[in-house]
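# Working through the structure, step by step
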Amino acid sequence: MELADLGNLIRGRRSIRRWQETEVPESLLMQAIELATWAPNAGNQQNWHFYIILNRGTIGAIADAVQVSSDLLASWPEAEQFGDAAIWWKERAAFFRSAPAAIAVAAAQYHSLVDQILAAREQTDPRAGQMRQWRNVCNSRIQSVASAITYLLLILHQMGLGAVWMTGPIQAKGKIESILQVPPEMDIVAFIPVGYPAESPSPKERRPIDEVCEVIR
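Report on the accompanying structure. (Residues numbered from 1 in each chain as written. Predicted model: local features only at pLDDT ≥ 70, side-chain atom pairs only at ≥ 80, totals over all residues. Heavy atoms only, no water.)

## Observations concerning the pattern of salt bridges
In this structure the tally under the stated criterion is 11 salt bridges. The partner of R132 in a salt bridge is E122, with the nearest N and O atoms 2.8 Å apart. Residue R132 is located in helix α6 (residues 126–137), and its partner E122 is located in the loop between α5 (113–121) and α6; the two are separated by 10 residues in the primary sequence. With a relative accessible area of 27%, R132 lands in the partly exposed category. What makes E122 partly exposed here is its relative accessible area of 25%. In this structure, E211 and R207 form a salt bridge, with 3.6 Å as the shortest nitrogen-oxygen distance. (Salt bridge = Lys/Arg side-chain N within 4 Å of Asp/Glu carboxyl O. Helix = DSSP H or I, 4+ residues; strand = E, 2+ residues; numbered from the N terminus. Buried < 20%, exposed > 50% of the residue type's maximum accessible area, 1.4 Å probe, protein only.)

In structure tokens form, the structure reads like this:
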């Protein structure tokens, strides 16, 4: 693949929130995930697990759980200050109900050798506690899963599929994990509805490179 082709693939991807009724072949999703697992990850522990959801009833049950949690959140007095924005968010929380497929992404805990040393040392040494706090800012397991999801979204786009990376549904994490029978050592950290696109969102501008990049010579 030429660099220009890769650039077109990256720039052409969109977050898709409306899909055709067409079913998504299981083999395509399996192929996409297999490629995504070549993403860089902490300690090569590959501490991810992907749940391919093709059952519309299961997707609907997850959407119901997210809607219940969204309705509860929107009912709290703290939401009133956001006015119509809170109402719009509540009404859109379970939009993925119409997706023909979804991928729930889970991650196991990751504790590197350094993390374990710092955890033991911080009981008596505040410097270790500070170092551990700094390391926790860059949560290794979430970065690992995020790299795989980034690959996955590009692969799905190349396949002609449309998807959207969601973390909002995690507000119903407990219920989702119960529905999917996720083992206790794993945590659902992302939810990706996927299907053949029924929309073509316009590109959103990116900030100029000189605003987000600094060269230190």
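Continuing now.
## Description of a nonpolar patch on the surface
On the surface, L72, L73, W76, W88 and W89 cluster together to form a nonpolar patch covering roughly 530 Å² of accessible area. Mapped by element, the contributors of at least two residues to the nonpolar patch are α3 (56–75) and α4 (83–92). (Patch = residues over 30% accessible without salt bridge, like charges linked within 9 Å, V, L, I, M, F, W, Y side chains within 5 Å. Areas by Shrake-Rupley, 256 points an atom, 1.4 Å probe, with all protein chains shown as cover.)

## Looking at the environment of E177
Mapped onto the secondary structure, E177 falls in helix α8 (residues 173–180). Between the alpha carbons of E177 and I188 there is a distance of 6.8 Å; along the sequence they are 11 residues apart. Beyond its immediate stretch of four places on either side in the chain, E177 contacts V182, M186, D187 and I188. Only 2.9 Å separates the side chain of E177 from the backbone nitrogen of I188, close enough to count as a polar contact. (Contact = heavy atoms within 4.5 Å. Polar contact = N/O pair within 3.5 Å; in protein donor to acceptor, adjacent residues only side chain to side chain.)

## Some points on the pairing of strand β2 (residues 101–108)
The buried fraction of β2 is high, at 8 of 8 residues. Bridge count for strand β1 (residues 48–53) against β2 is 6 bridges, and the pairing is antiparallel. Of the residues in β2, the one forming a bridge with F50 is V105. Strand direction decides the pairing type here: β2 and strand β4 (residues 186–195), joined by 8 bridges, are antiparallel. The residue of β4 that forms the bridge with V105 is A190. (Pairing = 2+ DSSP bridges.)

## A short note on the packing of helix α1 (residues 3–12) against helix α7 (residues 140–158)
Working note: a packed helix pair is described by the angle between its axes plus the distance between those axes. Packing of α1 against α7 leaves a shortest axis separation of 10 Å and a crossing angle of 100°. By the angle between their axes, α1 is roughly perpendicular relative to α7. Residue-level contacts link L9, I10 and G12 of α1 to L154, H157 and Q158 of α7. In the contact of α1 with α7, the residues fall into 3 nonpolar, 3 polar and no charged. (Axes fitted to C-alpha atoms, helices over the stretch in contact; angles between N-to-C directions. Parallel < 35°, antiparallel > 145°, perpendicular 65-115°, else oblique. Nonpolar A, V, L, I, M, F, W, Y, C, P; charged D, E, K, R; others polar.)

## Here's the deal with the side chain of S144
By secondary structure assignment, the location of S144 is in helix α7. Judged by its relative accessible area of 2%, S144 falls in the buried class. In terms of polar contacts, S144 uses its side chain to reach the backbone amide nitrogen of A42, at 2.8 Å. Once residues within four sequence positions are removed from consideration, S144 is found in contact with P40, N41, A42, N47 and W48.

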